[in-house]
Amino acid sequence: MSGNPAVVMRVVASAYAVAEKAGSIVRSVLRSGELGIVQKTGVNDLQTLADRLAQQSICASLSRRFPKLTIIGEEDLPDEEAKEDLIEDGQAEDILQKTCPVQYSDVKEEELVVWVDPLDGTKEYTEGLLDNVTVLIGIAYKGKAIAGVINQPFYNYQLGAEADLGRTLWGIPGLGAFGFQLQEVPGERRIITTTRSHSNKIVTDCVDAMEPHEVIRVGGAGNKIVQLVEGKASAYVFASPGCKKWDTCGPEAILRAVGGELTDMHGNAYSYHANVKHMNSAGVLATLHNHQYYASRVPQSVLQALTSD
Ligand code: AMP
Ligand code: MG
Ligand code: MG
């Protein structure tokens, strides 16, 4: 399918290149040492120069090539033209070579909604927990997450080799997921991954109710979904508002592309239409397998505290 790729494949191919550019911006701001940290409205809710520049880069690059897309980014930024050196006009050729799933082959540019988290795990970024950091681009059609790109700017940073730093995962349900090796948690172990900086009693009570063998507390929604698909965790459990649509759209698409599920704590799917509210008010429950088990363990008190949209 190299002749005239479907719009969905062209958008994903661009999103891949754009996410890599954003990852390089995230690295270079860190190298500069001038993070430009701003406190947003919530607790532990930060924005840095990297969040701002990466979002400008992603949104300007995608809207230049695809002017009819609806693009929703996390950061509130002044409406000014992005500097030319922030623009990425490349496309991942190997994505253009793949055949679009038939159900998306006639989708038009103006029917797609793109959710952008330019830097997921900002608090961890400012604390040097660099493997928690991701760049997230999710593509939705008719309210469903149909494609996702996750860039990990600091993948392999522990090795200290600048040359191999960073990687990009992507996926489309119905086509597959690429850029990583799908793995499962060995045996029947319940390893729960959850927040490290946005916890409260309901969040921890809900984790405990799953009777985990092990609990991992790390930053970032993208990072936790990568843990699921690489067999490091069996469930991502976050029984609280706080995550937004840009945190979950891209990761959900990749997770679904390998047979996983992402819902609220009631087991209901989130919708990614352009006009939905941004907050995932009823929490996040994501698994590769056994979603029903985890949903069935959510305490009544948690379900009452978190109402579905
Ligand atoms: P965490 O697992 O705490 O790293 O959260 C995953 C994503 O949701 C990150 O983008 C966080 O910024 C966001 N998030 C979760 N809880 C909150 C909160 N209470 N306030 C602001 N952002 C939150
Ligand atoms: Mg985020
Ligand atoms: Mg962010």
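Let us look at the structure shown here. (Residues numbered from 1 in each chain as written. Chains lettered and ligands numbered in written order. Predicted model: local features only at pLDDT ≥ 70, side-chain atom pairs only at ≥ 80, totals over all residues. Heavy atoms only, no water.)

Further remarks concern the packing of aromatic side chains. For the structure on display, the rule yields five aromatic pairs. Measuring from centroid to centroid gives 4.5 Å for W170 and F178, while their planes differ by 25°, and the two rings are stacked. (Phe/Tyr/Trp six-rings, centres within 6.5 Å; stacked < 30°, edge-to-face > 60°.)

Here we come to the coordination of the magnesium ion (ligand 3). Coordination of the magnesium ion (ligand 3) by the protein is provided by E74 (OE), D117 (OD) and L119 (O), with metal-donor distances spanning 2.2 Å. Binding-site remark: the magnesium ion (ligand 3) is held by donors from one chain whose sequence spacing is E-x42-D-x1-L. Between the magnesium ion (ligand 3) and the magnesium ion (ligand 2), a separation of 3.6 Å is found, and both are coordinated by D117. Of this pair, E74 sits in the loop between β3 (70-73) and α3 (93-96) while D117 sits in strand β4 (residues 112-120), and the two are 43 residues apart along the sequence. In terms of burial, E74 and D117 fall into one category: buried. (Donors = N, O, S within 2.8 Å, 3.2 Å for Na, K, Ca; no water. Helix = DSSP H or I, 4+ residues; strand = E, 2+ residues; numbered from the N terminus. Buried < 20%, exposed > 50% of the residue type's maximum accessible area, 1.4 Å probe, protein only.)

Turning our eyes to something else, we now look at the coordination of the magnesium ion (ligand 2). Protein-derived coordination of the magnesium ion (ligand 2) comes from D117 (OD), D120 (OD) and D247 (OD), at a distance range of 2.0 to 2.2 Å. Each donor residue of the magnesium ion (ligand 2) lies on one chain, and together they are spaced D-x2-D-x126-D.

With that settled, the discussion passes to the pairing of β4. Most of β4 is tucked away: nine of the nine residues are buried. Pairing geometry for β3 and β4, over four bridges, is parallel. In the sheet register, I71 faces β4, and the bridge partner there is V114. (Pairing = 2+ DSSP bridges.)

Before going further, it helps to spend a moment on the site of ligand 1. The local shell around ligand 1 holds 14 residues, among which D120, T195, H198, G220 and K224 are the closest. At 2.5 Å from an oxygen atom of ligand 1 is found a side-chain nitrogen or oxygen belonging to H198. Note that an oxygen atom of ligand 1 is positioned 2.9 Å from one of the side-chain N or O atoms of D247. Expressed as a share of its isolated accessible area of 470 Å², the protein-covered part of ligand 1 is 86%. (Near = heavy atom within 4 Å. Polar contact = N/O pair within 3.5 Å; in protein donor to acceptor, adjacent residues only side chain to side chain. Areas by Shrake-Rupley, 256 points an atom, 1.4 Å probe, with all protein chains shown as cover.)

Moving on, we get to the sheet that holds strand β10 (residues 214-217). Reading across from one edge, β10-β9-β11-β13-β12 is the order of the five strands in this open sheet, with mixed pairing throughout. Taken across any chain shown, the strands that pair with only one partner, and hence form the sheet edges, are β10 and β12 (261-263). Mean inter-strand twist for the sheet, computed between neighbouring axes without regard to direction, equals 20°. As paired elements, strand β11 (residues 235-238) and strand β13 (residues 284-287) share four bridges and run antiparallel to each other. Residue pairing in the sheet places V237 in a bridge with L285 of β13. Contacts from helix α6 (residues 221-229) reach β9 (191-194), β10, β11, β12 and β13 within the one sheet, and its direction differs from that of β11 by about 150°. Lying over the sheet, helix α7 (residues 245-257) contacts β12 and β13, oriented at roughly 145° with respect to β12. (Axes fitted to C-alpha atoms, helices over the stretch in contact; angles between N-to-C directions. Contact = heavy atoms within 4.5 Å.)

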